[in-house]
Amino acid sequence: MSRWAPTTIDGMIVHLMEECGEVQQAAGKLLRFGLDGTHPDHGLLAETNLEALLREMRDVEKRWKILKEALHDAGHLYIVGRPLCGDPEERKYRAGDPE
């Protein structure tokens, strides 16, 4: 984690919001200029619009995972049941108390 990473839940939510905005921007460019479109100023090695969208989605997933863990550690979420979607990394969370 970088030295600029937020340390409060509010800061983590803001960071997640920023990443979601970047997904919206990447999705808009993909729809406007196509899956394989690239930024004209970035040369031959520029990532495609699809690659940019996938990168931004990974960033959102990372920020969501960090936020879920912080909420859990603060007692706002608890883990129930088995992992979702067969992914051992993904845990099912519920708001409130586990009782």
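Some remarks on the overall build of the chain
Turning to step 1, where the next piece is worked out: Scanning the chain from N- to C-terminus turns up two helices and two strands.
Turning to step 2, where the next piece is worked out: For the chain, the succession of helices and strands along the chain, N to C, is α-α-β-β.
Turning to step 3, where the next piece is worked out: Split into buried and exposed, the 99 residues of the chain put 26% on the buried side.
Turning to step 4, where the next piece is worked out: In the chain, the proportion of contacts linking residues at least 24 apart, taken out of those at least 6 apart, comes to 39%.
Turning to step 5, where the next piece is worked out: In the form shown here, the chain has an accessible surface area of approximately 7600 Å², with 56% of it arising from carbon and sulfur atoms.

Description of the nonpolar core
Turning to step 1, where the next piece is worked out: Core analysis: the biggest nonpolar cluster contains eleven residues, these being Met12, Leu16, Val23, Ala26, Leu30, Leu53, Val60, Leu67, Ala70, Leu71 and Leu77.
Turning to step 2, where the next piece is worked out: Put simply, the parts of the chain that give this core at least two residues each are α1 (9-33) and α2 (49-73).
Turning to step 3, where the next piece is worked out: Among all residues touching leucine 71, those that are not within four sequence positions of it are Ile9, His76 and Leu77.

Quick look at a nonpolar patch on the surface
Turning to step 1, where the next piece is worked out: On the surface, a cluster of nonpolar side chains totalling about 260 Å² of accessible area is made up of Ile13, Val14 and Met17.
Turning to step 2, where the next piece is worked out: Structurally, the position occupied by valine 14 is in helix α1.

Here's the deal with the pattern of salt bridges
Turning to step 1, where the next piece is worked out: This structure, assessed with the given rule, holds three salt bridges.
Turning to step 2, where the next piece is worked out: In this structure, arginine 55 engages glutamate 47 in a salt bridge whose closest nitrogen and oxygen atoms are separated by 2.4 Å.
Turning to step 3, where the next piece is worked out: Since its relative accessible area comes to 30%, arginine 55 is described here as partly exposed.
Turning to step 4, where the next piece is worked out: Here glutamate 56 ties to arginine 55 by a salt bridge, and the two come within 2.8 Å at their closest N and O atoms.
Turning to step 5, where the next piece is worked out: Three or more residues are tied together by salt bridges with common partners; here these are Glu47, Arg55 and Glu56.

Notes on α1
Turning to step 1, where the next piece is worked out: For α1, with 25 residues, the first-to-last C-alpha span of 36 Å sits near the 36 Å given by 1.5 Å per residue.
Turning to step 2, where the next piece is worked out: Turning to α1, its buried residues are Gly11, Met12, His15, Leu16, Glu19, Val23, Ala26 and Leu30.
Turning to step 3, where the next piece is worked out: The secondary structure elements touched by the buried residues of α1 are α2.
Turning to step 4, where the next piece is worked out: Following α1 by one or two positions, glycine 34 adopts a phi angle in the positive range, close to 95°.

Rules of the game
- Residue indices begin from 1 for each chain and proceed along its sequence in written order.
- A pLDDT threshold of at least 70 governs which residues receive local features in this predicted model, and a stricter bar of 80 or more applies before side-chain atom pairs are shown or counted, although totals over entire chains, interfaces and linings include all residues.
- To get the side-chain values, all heavy atoms of the structure are used, and hydrogens and water are removed first.
- Only runs of H or I of at least four residues qualify as helices and only runs of E of at least two qualify as strands under DSSP, and these elements are numbered from the N terminus.
- For the exposure calls, accessible area comes from a 1.4 Å probe over protein chains only, and a residue counts as buried if that area is under 20% of its type's maximum, exposed if over 50%, partly exposed in between.
- Pairs of residues are marked as contacts when any of their non-hydrogen atoms sit within 4.5 Å.
- For every accessible area listed, the method is Shrake-Rupley and the probe measures 1.4 Å; residues are considered covered only by the protein chains on display.
- Among buried residues, the Ala, Val, Leu, Ile, Met, Phe, Trp, Tyr and Cys ones that are joined through side-chain atoms within 4.5 Å form a nonpolar core.
- Here, patches come from residues exposed beyond 30% relative accessible area and free of salt bridges, joined within 9 Å for like charges and within 5 Å for nonpolar side chains (Val, Leu, Ile, Met, Phe, Trp, Tyr).
- Between Lys or Arg on one side and Asp or Glu on the other, a salt bridge is scored when a side-chain nitrogen of the former is within 4 Å of a carboxyl oxygen of the latter.
- Here a helix's expected span is defined as the number of its residues, less one, multiplied by 1.5 Å.

Take it as geometry only, folks, not as evidence of what the structure does.
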